[in-house]
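# Tertiary structure, described
Listed below are the residues making up each chain.
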Amino acid sequence: MAEAAPPPSQTGYGGRDKKRIRSIDILRGIVMVIMALDHTRDFYSNYPFDPTQLEHHPSAILFFTRWITHFCAPVFVFLSGTSVWLSGKGKAKTDISKKLLTRGLWLLVLEVTVIHTGWAFDFNFGMFFLQVIWALGWSMIFLSAVVFLPRQLVLAIGLLLVAGHNAFDGFQPPAQWAVLWDFLHVQGPVAYGHGGTIMIIYPLIPWIGVMAVGYCFGAVFDQEEQQRNRSLYIIGLGCIGLFVVLRGINVYGDPSPWVVQDAGWRTVLSFINVSKYPPSLLYLLMTLGVAITLLPMLERTGKRVGGIFTVYGRVPMFYYILHLYLIHSVVLVADYFFKGTTAVTVFAHPGYSLPVVYLFWLAAVVILYFPSKWFMGVKGRYGYWWLSYL
């Protein structure tokens, strides 16, 4: 498949040409495809536990089915910040801030309406799940405020949130601040109204810091190609190395230390099994380190393969919403014909084996390629401002 021409409004490396940064689009597309695997597993799997809970003795393939999807949220939030830097070159900070603020607010609305419905198929709204789009929206709102500061100060704030937040693991605030602290740094339920529940899956810290660091990271792409690739390798491999050292010391950076298991391969799983809710320093070093290291390699990806992933990476919100409704609808149909059940909620069905989960995932990704490619073309041809919100 030939790679579609990029929209003319996007700047490239350092604003020297009008091409988009190919590796960023490809990497974003890869994580969108992998994300669909995680959500397909959520909807379809018959395994009753989180596959990264080693005490339940998951198989290696089941563990890695979940573990590989850990890369999705941090890479997407981080690259969203990078895209702000790249697309904002030459623009007034007030215009950048306004776009971030309005887009962030729009994402918050989508999270509690369209996306909530796609997950739950529940119009009762008795329970809200605040997930990655919630964190992404607030990260944009936060960046809209700090974007006026010098880049070095924005970077310092972002790094402080990313590297320092684990010092507050287990912190118990005064009762009057408990709900606010839950939204900022604690995964779990918060009661509201008369019997309603808000389930905070993605506390905001350190996600807002991740986007801020990603924004500052965009300056790397102002460099010439050779120096840029050198910088990417140094940053990426440096993050991986720091992860290995800190994880080996086993003192700071993750609330769940690794432990020696009954088999060597399970000890390795324990070592890389870091905390996502909220994302620990080690979780972010591991995932973002690998992603940054891959960027120079992805720039050399063949046009055919790169073009396929670029389609998903160019229309992430459109793809995200479609994939929720598709995989949720299909599992209901499959349950009716193969299991004889009519449950509507995602957790109330008997589930399927892992090979079947992979089959449904691949089918969903292939199906979604076609509407995604169509919508990418629409955005490229017309460029209406409101299309950027989809």
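How each quantity is defined
- Residues numbered from 1 in each chain as written.
- Predicted model: local features only at pLDDT ≥ 70, side-chain atom pairs only at ≥ 80, totals over all residues.
- Heavy atoms only, no water.
- Helix = DSSP H or I, 4+ residues; strand = E, 2+ residues; numbered from the N terminus.
- Rg over C-alpha atoms; globule rule 2.2 N^0.38 Å.
- Buried < 20%, exposed > 50% of the residue type's maximum accessible area, 1.4 Å probe, protein only.
- Contact = heavy atoms within 4.5 Å.
- Lys, Arg positive; Asp, Glu negative; His and termini not counted.
- Charge placed at Lys NZ, Arg CZ, Asp CG, Glu CD.
- Expected span 1.5 Å × (residues − 1).
- Axes fitted to C-alpha atoms, helices over the stretch in contact; angles between N-to-C directions.
- Parallel < 35°, antiparallel > 145°, perpendicular 65-115°, else oblique.
- Left-handed = near helix turned anticlockwise from the far one by under 90°.
- Nonpolar A, V, L, I, M, F, W, Y, C, P; charged D, E, K, R; others polar.
- pLDDT = per-residue confidence, 0-100.
- Salt bridge = Lys/Arg side-chain N within 4 Å of Asp/Glu carboxyl O.
- Polar contact = N/O pair within 3.5 Å; in protein donor to acceptor, adjacent residues only side chain to side chain.
- Pairing = 2+ DSSP bridges.

## A few points about the overall build of the protein chain
Secondary structure assignment for the protein chain yields 14 helices and three strands. Radius of gyration (C-alpha) of the protein chain: 21 Å, near the 21 Å computed for a compact globule of 390 residues. With respect to the principal axes defined by its C-alpha atoms, the protein chain has extents near 60 × 50 × 50 Å. Relative to its 390 residues, the protein chain shows a buried fraction of 51%. Partitioning the intrachain contacts of the protein chain with sequence separation of at least 6 by distance along the chain shows that 74% fall at a separation of at least 24. Across the protein chain, 28 positive and 19 negative side-chain charges occur, with their mean positions spaced 11 Å apart.

## Brief notes about helix 9 (residues 225-249)
Between its terminal C-alpha atoms helix 9 stretches 36 Å, which fits the 36 Å expected from 25 residues at 1.5 Å a residue. Lining the buried residues of helix 9 we find helix 8 (207-217), helix 10 (264-272) and helix 11 (281-298). Downstream of helix 9 by one or two residues, N250 has phi in the positive range, about 65°.

## Details of the packing of helix 2 (residues 60-67) against helix 10
At a closest axis distance of 12 Å, the pairing of helix 2 and helix 10 adopts a crossing angle of 15°. One finds that helix 2 runs roughly parallel with respect to helix 10. Along this stretch, helix 2 crosses helix 10, giving a crossing that reads as left-handed. Residues A60, F63, F64 and W67 of helix 2 form the contact with helix 10, whose own contacting residues are W265, L269 and I272. Class assignment for the residues of the contact of helix 2 with helix 10 results in seven nonpolar, no polar and no charged.

## Concerning the confidence of the model for the protein chain
On average, residues of the protein chain score 91 in pLDDT, and 92% of them are at 70 or above. Below a pLDDT of 50 lies the segment residues 1-18, which in the model reaches 46 contacts outside its immediate sequence neighbourhood of four places, other chains included.

## Some thoughts on the pattern of salt bridges
Pairing between side chains of opposite charge can happen when the charged atoms of each approach one another. One pass over the full model with this rule turns up seven salt bridges. For D222, the salt bridge goes to K89, with nearest N and O atoms at 3.3 Å. Taken as a pair, D222 in the loop between helix 8 and helix 9 and K89 in the loop between helix 3 (72-87) and helix 4 (93-120) lie far apart in primary sequence, 133 residues in all. Exposure remark for K89: the relative accessible area of 28% places this residue in the partly exposed category. Within the structure, one salt-bridge network assembled from shared partners comprises D38, R41, D42 and R66.

## Brief notes about the environment of S372
Counting through the fold element by element, S372 comes out in helix 14 (residues 354-382). The exposure class assigned to S372 is buried, which follows from its relative accessible area of 0%. With 54 residues separating them along the chain, S372 and F318 place their C-alpha atoms 7.2 Å apart. Other than its neighbours up to four places away in sequence, S372 contacts V311, Y312, V315, F318 and Y319. A distance of 2.7 Å separates the side chain of S372 from the backbone oxygen of L368, its partner in a polar contact.

## Notes on the side chain of R22
Structurally, R22 can be placed in helix 1 (residues 22-44). Within the local environment of R22, its side chain forms a polar contact with the backbone oxygen of T301, the two atoms lying 2.7 Å apart.

## Overview of the sheet that holds strand 2 (residues 188-192)
Reading across the sheet, the three strands line up as 1-3-2 and stay open at both edges, with mixed pairing between neighbours. The open sheet terminates on both sides in strands that have one partner only, identified here as strand 1 (127-130) and strand 2. Averaged over all pairs of adjacent strands, the angle between strand axes in this sheet comes to 20°, irrespective of strand direction. In the sheet, strand 2 pairs with strand 3 (residues 196-200) via five bridges, with the strands oriented antiparallel. By the bridge assignment for strand 3, G188 is matched with I200.

## Considering the pairing of strand 1
Going residue by residue along strand 1, you find F128 and L130 tucked away on one face and M127 and F129 left uncovered on the opposite face. With four bridges connecting them, strand 1 and strand 3 associate as parallel partners. Its bridge partner lying in strand 3, F129 is registered against M199.

## Focus on the environment of D335
Relative to the helices and strands, D335 resides in helix 13 (residues 316-339). Note on D335: relative accessible area 1%, which makes it buried.

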